[in-house]
Amino acid sequence: MSEPVIRVYQYHKAYGPTVAVHDLSFDVMPGQIVGMLGPNGAGKTTTMRALAGIIPPTRGRLLVNGHDVVTDAVAAKRALAYVPDDPRLFESLSVDEHIFFTARAYGIRDYEQRADELLRHFELDDKRGKLAQELSRGMRQKVAIVCAYLYQPRAILFDEPLTGLDPRAIRNLKQSIRDEAANGVGIVVSSHLLDLVEDLCTDLLVIHEGHLLFLGPTVEARRAIEGMADAATLEDVYFHLTERPAMPVAADIADTV
């Protein structure tokens, strides 16, 4: 049995009296594509940033490829890639220089062939000499994705990955996510685009007000809710879960998964 590439155990994050995430627990296995859903302020980005080692948990444990993100931070970060919704590139570095920097930071040798393939796939081959400050929003997003894929992490987090991408780039990204999952990478995609999640993700993780509402295969989401028709859409499931108080629903759903 494979071990989880991501393990979140009773993760709790509070900012003074304000609790952003309440004792959240979930695993991501190799090859899974988990769609993380929830309204604004649900705790999605807070959870991703904690897994990436950007913010510390108030309590609980977060593991990436078996490494604790607090006590074994370097090893955890080597196994994880995080693509935020607004990637912050180095404005005065070119595309090629971003790739070189990433390769050096992660100790990758002989990275050139993989870099060439990724740049062609994301249609950046003719932008290699462009500075980040000269790139469009979508191109900056693609540079961040190329750098994330370059060092072949065991787990990848995408926060609203389609922002700024044109239709061809969206198609290329979706195919690349499927390819990475087929190679055993565990992936989490946070998005408000329910069609993307339904089309791409194998599993759902729904949180609301920092509480877990549903965790399980996408095809079982309807069955987990009493009275939900088989013909219900993911949109129907989402609003059923999130348009009511979080705690009672979380308890009901936890009993079914």
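Residue numbering note: each chain is counted from 1, following its sequence as written. Where totals are concerned, whole chains, interfaces and linings use all residues; where local detail is concerned, this predicted model gives features only for residues with pLDDT of at least 70, and gives and counts side-chain atom pairs only at 80 or more. As a rule here, side-chain values come from all non-hydrogen atoms in the structure, and water together with hydrogens is ignored.

Draft legend 1. Structural view of the sheet that holds strand S2 (residues 18-28). Each pair of strands is called paired provided DSSP finds at least two bridges between the two strands. By the criteria applied, helices consist of DSSP H or I runs no shorter than four residues and strands consist of E runs no shorter than two, each listed in order from the N terminus. The strand order across the open sheet formed by four strands is S2-S1-S4-S5, and the pairing between neighbours is antiparallel. Edge positions in the sheet fall to S2 and strand S5 (67-68), since each has one partner strand and no second. When strand S1 (residues 6-15) meets S2, the two strands line up antiparallel, connected through seven bridges. Bridge pairing links Arg 7 to Asp 27 in S2. Contacts between residues were defined by any pair of non-hydrogen atoms, one from each residue, lying within 4.5 Å. Only the contacting stretch of a helix is used when fitting its axis, a line to C-alpha atoms as for every element, and angles between N-to-C directions run 0 to 180 degrees. Against the sheet, helix H1 (residues 44-51) contacts S1, S2 and strand S4 (59-64), and its axis sits at roughly 115° relative to S1.

Draft legend 2. Inspection of the packing of aromatic side chains at higher detail. For this analysis, a ring pair means two rings from Phe, Tyr or Trp (six-membered ring only for Trp) whose centres lie within 6.5 Å, classed as stacked if their planes differ by under 30 degrees, edge-to-face if by over 60, and tilted for the remaining angles. Under the counting rule described, the total for this entry stands at five aromatic pairs. Centre to centre, the rings of Phe 90 and Phe 101 are 5.2 Å apart; their planes meet at 65°, and the pair counts as edge-to-face. In this pair, Phe 90 sits in the loop between strand S6 (80-83) and helix H3 (95-105) while Phe 101 sits in helix H3, placing the two residues 11 residues apart along the sequence. Taking relative accessible area as the criterion, Phe 90 reaches 43% and is therefore assigned partly exposed. Burial classes follow relative accessibility: with a 1.4 Å probe on protein chains only, a residue under 20% of its type's maximum area counts as buried, one over 50% as exposed, and anything between as partly exposed. Look at Phe 101 and you get partly exposed, because its relative accessible area is 43%. Where Tyr 106 meets Tyr 151, the ring centres are 3.7 Å apart and the plane angle is 5°; that geometry is what we call stacked. Taken together, the positions of Tyr 106 in the loop between H3 and helix H4 (112-121) and Tyr 151 in the loop between helix H5 (137-150) and strand S7 (155-159) put the pair 45 residues apart, joining distant regions of the chain. A connected cluster of aromatic rings, assembled from ring pairs, spans Phe 122, Tyr 149 and Phe 158. Taking NZ or CZ as reference, Lys 13 lies 5.1 Å from the ring centre of Tyr 15, over its face. Definition used: whenever NZ (Lys) or CZ (Arg) falls within 6 Å of the ring centre and also within 35 degrees of the ring normal, the charge is taken to sit over that ring.

Draft legend 3. Seen up close, the nonpolar core. The set of buried Ala, Val, Leu, Ile, Met, Phe, Trp, Tyr and Cys residues whose side-chain atoms join them within 4.5 Å is what this entry labels a nonpolar core. Ranked by size, the top nonpolar core spans 50 residues in total, and within it Tyr 149, Phe 158, Leu 173, Ile 177 and Ile 187 carry the most contacts. No other element matches H5, which puts eight residues into this core. Here Leu 173 is in contact with Phe 122, Ile 145, Tyr 149, Phe 158, Pro 161, Leu 162 and Leu 165, once residues within four sequence places are set aside. Core analysis: the second largest hydrophobic core is formed by 29 residues, Val 5, Val 21, Met 36 and Ile 55 among them.

Draft legend 4. Highlighting the environment of Glu 180. Here Glu 180 lies in helix H6 (residues 167-182). For the pair Glu 180 and Pro 153, spaced 27 residues apart in sequence, the C-alpha to C-alpha distance is 9.6 Å. Other than its neighbours up to four places away in sequence, Glu 180 contacts Arg 114, Tyr 149, Ile 156, Val 185 and Ile 187.

Draft legend 5. Highlighting H1. Of all the eight residues making up H1, six are buried; the element is thus mostly covered by neighbouring parts of the structure. Taken residue by residue, H1 has Lys 44, Thr 46, Thr 47, Met 48, Ala 50 and Leu 51 as its buried positions. Two residues or fewer past H1, Gly 53 is found with a positive phi of approximately 80°.

Draft legend 6. How the structure looks around the environment of His 98. Along the polypeptide, His 98 turns up in helix H3. Through-space distance from the C-alpha of His 98 to that of Val 143 is 8.0 Å; in sequence the pair is 45 residues apart. If we skip the residues at most four places from it in the chain, His 98 touches Leu 89, Phe 90, Leu 93, Ala 132, Val 143 and Cys 147. Each polar contact in these results corresponds to two N or O atoms within 3.5 Å; when the atoms are within protein, one needs to be able to donate a hydrogen and the other to accept it, and residues that are neighboring in sequence are counted only if both atoms are side-chain atoms. A distance of 2.9 Å separates a polar side-chain atom of His 98 from the backbone oxygen of Ser 94.

Draft legend 7. Representation of the sheet that holds strand S10 (residues 211-217). Taken in spatial order, the six strands line up as S6-S7-S8-S3-S9-S10 in an open sheet, and their pairing is mixed. The strands lining the two open edges of the sheet, one partner per strand, are S6 and S10. Strand-to-strand twist in this sheet, taken as the mean axis angle between neighbours without regard to direction, amounts to 15°. Across six bridges, the pairing between strand S9 (residues 203-208) and S10 is antiparallel. Across the sheet, Asp 203 pairs through a bridge with Pro 217, a residue of S10. H1 rests against strand S3 (33-37), S6, S7, strand S8 (186-190) and S9 of the sheet, and its axis sits at about 145° to S7. Most of the contacts of H6 go to S8, to which it runs at about 145°, and overall it touches S3, S7 and S8.

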